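Examination of the molecular architecture
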Amino acid sequence: MKYKAVIFDLDGTLVNSIKDIADAMNIVLEKRKYPTYNYETYKTFVGSGVRSLVVKALPDENPKDEEVAACLKDMMQVYSAICIDKTEPYEGILDLLHQLKAKNIKISVLSNKEDTLTKKISAFLLPEFLSPVLGLKVEVDKKPNPKVALEICEETQIKPEETIFVGDTDVDILVAKKAKMLPVGVSWGFRDKKGLIEAGAAHILEHPLDLMKIIL
């Protein structure tokens, strides 16, 4: 097989986490008597890490660093407590992961979600054979920086050109291209197909098991 590994984004790709993310951020906003947002709006806020989400959700277009830091701290505390309340794998994802495992395809996760939360959600909802499972530790390493994606290749000893990167946002497509991996988008995530195609997705999956057609 041409492809020997798949790196997945987490939110909007493997799991639908938008309700827990939105609920947590709305709690933070309500505490400060700021306007809150619906789930659809939050889909446009996510993808670039929690700090970016906080900045987009605050009513001031250029919020002060002190307020961002305070809201980020609150958001992390609230979200950590509820992050698996409503979050669940998308239909077909668990079947896909087991089929990949059966074909001895190396499966990893790389998310812009904070690292401990990425690991917590993955451990609770997804099969234990995903490795490594990595979230954001250092802001400068955030996708679309390809640094951590390439480190996964080093760890798994599989070349970037033998690796598929699957995600739901232009950020995922861009990191795949920068890392010289096959960029694959999903139709069920937090962005529309048009944006994924414009970013350079080589394929758009309509259902998780469509990935097997690319690998086989």
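Residues numbered from 1 in each chain as written. Predicted model: local features only at pLDDT ≥ 70, side-chain atom pairs only at ≥ 80, totals over all residues. Heavy atoms only, no water.

Here's the deal with the packing of helix 3 (residues 50-57) against helix 4 (residues 65-82)
Between helix 3 and helix 4, the shortest axis-to-axis distance is 9 Å and the interhelical angle comes to 115°. Crossing geometry of helix 3 relative to helix 4 is assigned as right-handed. Contacts between helix 3 and helix 4 pair Val-50, Arg-51, Leu-53, Val-54 and Val-55 from the former with Asp-65, Val-68, Cys-71, Leu-72, Met-75 and Met-76 from the latter. (Axes fitted to C-alpha atoms, helices over the stretch in contact; angles between N-to-C directions. Helix = DSSP H or I, 4+ residues; strand = E, 2+ residues; numbered from the N terminus. Left-handed = near helix turned anticlockwise from the far one by under 90°. Contact = heavy atoms within 4.5 Å.)

Considering the nonpolar core
By size, the foremost hydrophobic cluster in this structure holds 54 residues, and its most contacted members are Phe-8, Leu-14, Met-75, Leu-100, Ile-164 and Leu-211. Leu-110, Leu-134, Val-148 and Ala-179 belong to the second largest nonpolar core, which has twelve residues in total. (Core = buried A, V, L, I, M, F, W, Y, C linked by side-chain atoms within 4.5 Å. Buried < 20%, exposed > 50% of the residue type's maximum accessible area, 1.4 Å probe, protein only.)

Re the pairing of strand 5 (residues 133-136)
Where strand 4 (residues 106-114) meets strand 5, three bridges bridge the pair, whose relative direction is parallel. By the bridge assignment, Glu-114 is partnered in strand 5 with Leu-136. Following the backbone out of strand 4, through helix 6 (residues 115-125) and into the adjacent parallel strand 5, one traces a crossover that is right-handed. (Pairing = 2+ DSSP bridges. Right-handed = clockwise from strand over helix to strand, strands pointing away.)

Things to note about unusual backbone geometry
Omega for the bond connecting Ser-131 with Pro-132 falls within 30 degrees of zero, at -5°, which places this linkage in the cis form. Within the fold, Pro-132 resides in the loop between helix 6 and strand 5. Residues Lys-143 and Pro-144 are joined by a peptide bond in cis, for which omega reads 20°. As for its position among the elements, Pro-144 is in the loop between strand 5 and helix 7 (147-156). Positive phi, close to 60°, is recorded for Asn-104, a residue that is not glycine. By the element assignment, Asn-104 lies in the loop between helix 5 (93-102) and strand 4. For Asn-104, a relative accessible area of 69% gives the class exposed. Phi is positive for Lys-180, close to 65°, though the residue is something other than glycine.

Side note on the sheet that holds strand 6 (residues 163-167)
A sheet is described by the order of its strands in space; here six strands give the open sequence 5-4-1-6-7-8, paired in parallel fashion. Each of the sheet's edge strands pairs with one partner strand only, and the pair in question is strand 5 and strand 8 (203-205). Neighbour-to-neighbour, the strand axes of the sheet open up by a mean angle of 25°, direction not taken into account.

Side note on helix 8 (residues 170-178)
Those residues of helix 8 that fall on the buried side of the exposure criterion are Val-171, Asp-172, Ile-173, Val-175 and Ala-176. The secondary structure elements touched by the buried residues of helix 8 are strand 4, helix 7, strand 6, strand 7 (182-186) and helix 9 (193-199). One or two steps after helix 8, the chain reaches Lys-180, where phi turns positive at roughly 65°.

Topic: the pattern of salt bridges
The final tally for this structure, using the stated rule, is 16 salt bridges. As a salt-bridge pair, Lys-4 and Glu-162 come within 3.4 Å of each other at their nearest N and O atoms. In this pair, Lys-4 is assigned in the segment before strand 1 (5-8) and Glu-162 in the loop between helix 7 and strand 6, connecting sequence segments 158 residues apart. By relative accessible area, which is 40% here, Lys-4 ends up partly exposed. Here Asp-172 and Lys-143 are joined by a salt bridge, their closest N and O atoms 2.7 Å apart. With a gap of 29 residues between them, Asp-172 in helix 8 and Lys-143 in the loop between strand 5 and helix 7 connect regions that are remote in the sequence. (Salt bridge = Lys/Arg side-chain N within 4 Å of Asp/Glu carboxyl O.)

What to know about the packing of helix 4 against helix 6
It is the contact of helix 4 with helix 6, at a shortest axis distance of 11 Å, that shows an interaxial angle of 10°. Classified by the angle their axes make, helix 4 and helix 6 are roughly parallel. Contact residues: Met-76, Tyr-79 and Ser-80 in helix 4; Leu-117, Lys-120 and Ile-121 in helix 6. By residue class, the composition of the contact of helix 4 with helix 6 is four nonpolar, one polar and one charged. (Parallel < 35°, antiparallel > 145°, perpendicular 65-115°, else oblique. Nonpolar A, V, L, I, M, F, W, Y, C, P; charged D, E, K, R; others polar.)

Some thoughts on the environment of Asp-210
Along the polypeptide, Asp-210 turns up in the loop between strand 8 and helix 10 (211-215). By relative accessible area, which is 18% here, Asp-210 ends up buried. Spatially, the C-alpha atom of Asp-210 lies 10.0 Å from that of Gly-92, the residues being 118 residues apart in sequence.

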